Amino acid sequence: MMPLLASALAVLQQPQSAPPYDPLGMFPPNASHNAGTSDWVFYFIFWTCLVVLIGVCVATLWFAFRYRRSKVGLIPQDSPHHSTTLEIVWSVVPTFFLVAMFWYGFKDYEDRREIPNDAYEIHVNAAKWSWTFTYPNGYQSQHLTVPADRNVRLRLSSPDVLHSVFIPAFRVKLDVVPGRYNWLWFRAIEPGVFPLYCTEYCGQQHSQMDARVTVMPDAEFDAWLAKESDWGALPPEVAGLKTYGANGCVACHTLDGSAATGPTFGGMFGTQKQLADGSTVTYDENYIRESILTPNVKLAAGFAPNLMPSNFAQALSDQKVDWLIALIKSKGAQ
Ligand code: CUA
């Protein structure tokens, strides 16, 4: 009971962060500024419900035993007269706990909805079935890297269906809704690597729509971003491989010749490609470019239309398309 009381006092004094409290070991690592608060609210509700559940069960069993038929017989007896004291007690005491649940939950919700103005913004695009994280300088990655001890705001968008971003270690979860932006924020407290999931069923590969969240020391973050962003210094096919990963091509296209959700990039360059309408086309630079920017115009045989998101014309610069072409070329022809 003492740790519970200590946590209660900590929450009252400082609503935005409570010390870690997980006596039953139910939670993933506690890695953001308000993870402790949400854990504490959970346990407050859990313990309260457990005590009430035990009380109700014990009373039920006791009454069933105390007033069993062999004892009271089959002739109905008058019920005891109502007790005002008892009614007040069982109304007022639960009210106190319910108001406390609302209050702690609301304080935490308020903190989560009030995004600090100084927060570092990263744009999160959730598309069937991969994540793209875009940093303020335009750098894109399929995995999220954030600085520790800095307020980070994620701006969420989706070009296709409803997704939902969930980072258990940060205790944050929010829907990614097509046609509008949503925001969530957190402040990671320690360096480490944590999972990020899509937690809204979004089709065939929903279960594989996950990513890594790396928290690095604040002092190293800016240098890391500058280094990672400088793809121009790389050989074009290497920059192409990075684009392939960062922009989500990897979710549907393999490089080794095997079919997946979309046609493979491996061993294709220079070949004659069969199209869905029965014609063939030479798999060259122009075909690759056209297929990236307007994927439904020359649909590959064996693949359904509209499977590929059509937003790559906006998402990929000319340079990135060139890098992808260099990557596909480097994977050779059969
Ligand atoms: Cu995206 Cu499930």
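Check the entry above for the structure.
Residues numbered from 1 in each chain as written. Predicted model: local features only at pLDDT ≥ 70, side-chain atom pairs only at ≥ 80, totals over all residues. Heavy atoms only, no water.

The helix and strand tally for the protein stands at nine helices and twelve strands. For 334 residues, the compact-globule estimate of 2.2 N^0.38 gives 20 Å, and the protein exceeds it by more than 25% at 28 Å. Principal axes of the C-alpha set define a box for the protein whose edges measure 95 × 55 × 30 Å. Out of the 334 residues belonging to the protein, those deemed buried represent 41%. Pairs at least 24 apart in sequence give 61% of the contacts found in the protein among residues at least 6 apart. Summed over its atoms, the accessible surface of the protein is roughly 18500 Å², and 61% of this surface lies on carbon and sulfur atoms. (Helix = DSSP H or I, 4+ residues; strand = E, 2+ residues; numbered from the N terminus. Rg over C-alpha atoms; globule rule 2.2 N^0.38 Å. Buried < 20%, exposed > 50% of the residue type's maximum accessible area, 1.4 Å probe, protein only. Contact = heavy atoms within 4.5 Å. Areas by Shrake-Rupley, 256 points an atom, 1.4 Å probe, with all protein chains shown as cover.)

On to the packing of helix H2 (residues 35–66) against helix H4 (residues 84–113), then. In a packed pair of helices, the relevant descriptors are the angle between the two axes and the axis-to-axis distance. Relative orientation of the contacting elements H2 and H4 amounts to 165°, with a least axis distance of 10 Å. Accordingly, the angle class assigned to the pair H2 and H4 is roughly antiparallel. Crossing geometry of H2 relative to H4 is assigned as left-handed. Residues Thr37, Ser38, Trp40, Val41, Phe44, Ile45 and Thr48 of H2 form the contact with H4, whose participating residues are Phe97, Ala100, Met101, Tyr104, Gly105, Asp108 and Arg112. (Axes fitted to C-alpha atoms, helices over the stretch in contact; angles between N-to-C directions. Parallel < 35°, antiparallel > 145°, perpendicular 65-115°, else oblique. Left-handed = near helix turned anticlockwise from the far one by under 90°.)

So, about H4. Compared with an ideal rise of 1.5 Å per residue, which puts 30 residues at 44 Å, H4 spans 43 Å between its outermost C-alpha atoms and is within 8% of the ideal. Taken residue by residue, H4 has Ala100, Met101, Tyr104, Asp108, Asp111 and Arg112 as its buried positions. (Expected span 1.5 Å × (residues − 1).)

By the element assignment, alanine 333 lies in the segment after helix H9 (318–330). Take alanine 333: its relative accessible area is 53%, and that puts it in the exposed class. Each C-alpha atom of the pair alanine 333 and methionine 268 lies 5.0 Å from the other, and the pair is 65 residues apart in sequence. When neighbours within four sequence positions are excluded, alanine 333 is seen to be in contact with Gly267, Met268, Phe269 and Thr271.

Once that is clear, we can look at the packing of aromatic side chains. Tallying each qualifying case throughout the model produces 30 aromatic pairs. With centroids separated by 5.5 Å and ring planes inclined at 80°, the aromatic side chains of phenylalanine 44 and tyrosine 104 adopt a geometry described as edge-to-face. Of this pair, phenylalanine 44 sits in helix H2 while tyrosine 104 is found in helix H4, placing the two residues 60 residues apart along the sequence. For the pair phenylalanine 44 and tyrosine 104, one class covers both residues: buried. (Phe/Tyr/Trp six-rings, centres within 6.5 Å; stacked < 30°, edge-to-face > 60°.)

With that out of the way, let us pick up the packing of helix H7 (residues 285–293) against H9. Two elements in contact, H7 and H9, have axes whose closest approach is 10 Å; the angle formed by their N-to-C orientations is 125°. In terms of orientation, H7 and H9 fall into the oblique class. In this structure, the crossing between H7 and H9 has a hand that is right-handed. Across from Glu285, Ile288, Arg289, Ile292 and Leu293 in H7, the residues of H9 making contact are Asp318, Val321, Leu324, Ile325, Ile328 and Lys329.

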